[in-house]
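Coordinates in review
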Amino acid sequence: MKNLIINYKVENVVNKVIIAKDIENHLLKDLVSLKSDKKILFIYDENINNQFIKKILDNIKLSGGNVISQKVKGSKKNKSLKNLLFLFNILIKNNFSKKSVIVSCGGGVIGDLTGLLSSLYLRGTIYFHIPSTMTAIVDSCLGGKTGINYKDVINSFGNYYHPNRVYISERVLKSLPNREYNAGISGILKCGLLGNKKILTTLKLKKDFLLKRNFKILSILIYETLKTKITHFINDVKESKKRLNLNFGHTFAHAIEMATDQLVKKDYFRHGEAVGIGILCEIALSNMNKPKEKNELYKLTSDILKSYHLPIKIELPSKVSKLKVQNMIYKNIFLDKKRISSNPRYINLKKVGKPIIKEVEDLNSINEIIYGFLD
């Protein structure tokens, strides 16, 4: 099938997304034609299939560059200041310049960490990214958000820096564990609910093809999702207006992730799983006067999530105190970085394609929502 390509311009720089069966040749071609100093740092998640990493690394070496490779475990604890400084030292020790290239291969953790590294080293180097998780493919690979966590606050250090190239590989998509693959569906669903009805139709009618990872249908769905995301950030990169809509579900999702990480176990929820629940929380909060069973938007969303084997409740082990989790989620919601006053903000959605950025007016409603999703 034909490769799908997205070009978009930010601050007069044209960036590109390539969705292809074999990305290695595209990567090699881009590295050869690039005006760089031929110094390349390849950072990858150690959990990725070794054969795939070897293929990527071999093609990077074929470009004729001086290549250094460094593996990093793609866990949330490694999105840290310690790792950022460790990678900085590699660049400094090997005399990397502004014309050097950083290539990363990994999920959200690796993308956020290396994106920040690329933006800060000498105020910016050339940056290519190969997302390796479904959530990274359909969401975090685009938009330029970078960051590390500090003092248990997600992305407390960060800025905006766009990868010059993003390569989305069929081989990666086919190799993902089922839970990891399914978790990314919530990022696709989010863009559908924000206004791309073609996405919602495809998720409903092509479920069997998508669960089997039919690349022709899946690549078009990813293309539509990323194009939708671009329309939200292209004129609002630093997130003051329209881009905020892309945080739909995240006010609750990040709070749920942090609380369960602290009180149950690390990575209890995949990010995409938490986002799915967060989307439902924000739809419920948007329609406080309407029972869930009578809310068509809530039913549409929960039905799609369930059809892709995603949770619609915060299910906890019996030994874990629901009250403690509820209190921790509530507390974490007030740590949300989108908050501009004492009250947290969320995306109010009552109808597909009609998001409104709002502050929570009744703080008791937050606890009511959380309680309703604890199982």
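Structure report, in brief.

1. Concerning the layout of surface pockets
In this structure, the second largest pocket occupies an estimated 380 Å³ of space. If you trace the second largest pocket, you find 16 residues lining it, with Val10, Glu11, Val13, Tyr161 and His162 closest to the centre. In terms of residue class, the lining of the second largest pocket is built from six nonpolar, six polar and four charged.

2. Some details on the sheet that holds strand E5 (residues 101-106)
The seven strands are arranged E1-E2-E9-E6-E5-E3-E4 in an open sheet whose pairing can be described as mixed. Where the open sheet ends on each side, the last strands, each with one partner, are strand E1 (4-10) and strand E4 (66-72). Taken pair by pair, the neighbouring strands of this sheet meet at an average axis angle of 15°, ignoring direction. Most of the contacts of helix H2 (residues 50-62) go to strand E3 (residues 39-45), to which it runs at about 175°, and overall it touches E3, E4, E5, strand E6 (126-131) and strand E9 (165-169). Each of E3, E4, E5 and E6 is contacted by helix H4 (residues 108-120), which is oriented at about 170° to E5, the strand it contacts most.

3. Observations regarding the pairing of E4
The pairing of E3 with E4 spans seven bridges and is classified as parallel. When the sheet's bridge partners are listed, Ile40 is paired in E4 with Val67. Note that the unit made of E3, H2 and E4 has a crossover that is right-handed.

4. Quick notes on helix H3 (residues 81-93)
Over its 13 residues, H3 runs 18 Å from end to end, which matches the ideal 18 Å to within 8%, given 1.5 Å per residue. Considered for burial, the residues of H3 that qualify are Asn83, Leu84, Leu87, Phe88, Ile90 and Leu91. Taken down its axis, H3 places every buried residue within 155° of arc, on the same side. Projecting away from the buried face of H3 at angles above 90 degrees are the exposed residues Lys82, Asn89 and Lys93. Where H3 is buried, its residues touch E3, E4, E5, H4 and strand E7 (145-150). Taken from the residues just after H3, Asn95 is the one with a positive phi, measuring 55°.

5. Looking at the packing of helix H12 (residues 250-263) against helix H13 (residues 271-286)
Relative to each other, H12 and H13 sit at 130°, their axes nearing to 7 Å. What the angle tells us is that H12 and H13 run oblique. As H12 runs across H13, the sense of the crossing is right-handed. Contacts between H12 and H13 involve His250, Thr251, Phe252, Ala253, His254, Ile256 and Glu257 from the first element and His271, Ala274, Val275, Ile277, Gly278, Cys281, Glu282 and Leu285 from the second. In terms of residue class, the contact of H12 with H13 is built from eight nonpolar, five polar and two charged.

Rules behind the numbers
- Residues numbered from 1 in each chain as written.
- Predicted model: local features only at pLDDT ≥ 70, side-chain atom pairs only at ≥ 80, totals over all residues.
- Heavy atoms only, no water.
- 1 Å grid on protein atoms, 1.4 Å probe; cavity = no way out; pocket = protein on both sides within 12 Å on 5 of 7 lines; lining within 4 Å.
- Points joined across faces, edges and corners; volume = space filled by probe spheres on them.
- Nonpolar A, V, L, I, M, F, W, Y, C, P; charged D, E, K, R; others polar.
- Pairing = 2+ DSSP bridges.
- Helix = DSSP H or I, 4+ residues; strand = E, 2+ residues; numbered from the N terminus.
- Axes fitted to C-alpha atoms, helices over the stretch in contact; angles between N-to-C directions.
- Contact = heavy atoms within 4.5 Å.
- Right-handed = clockwise from strand over helix to strand, strands pointing away.
- Expected span 1.5 Å × (residues − 1).
- Buried < 20%, exposed > 50% of the residue type's maximum accessible area, 1.4 Å probe, protein only.
- Arc of directions from axis to C-beta.
- Parallel < 35°, antiparallel > 145°, perpendicular 65-115°, else oblique.
- Left-handed = near helix turned anticlockwise from the far one by under 90°.

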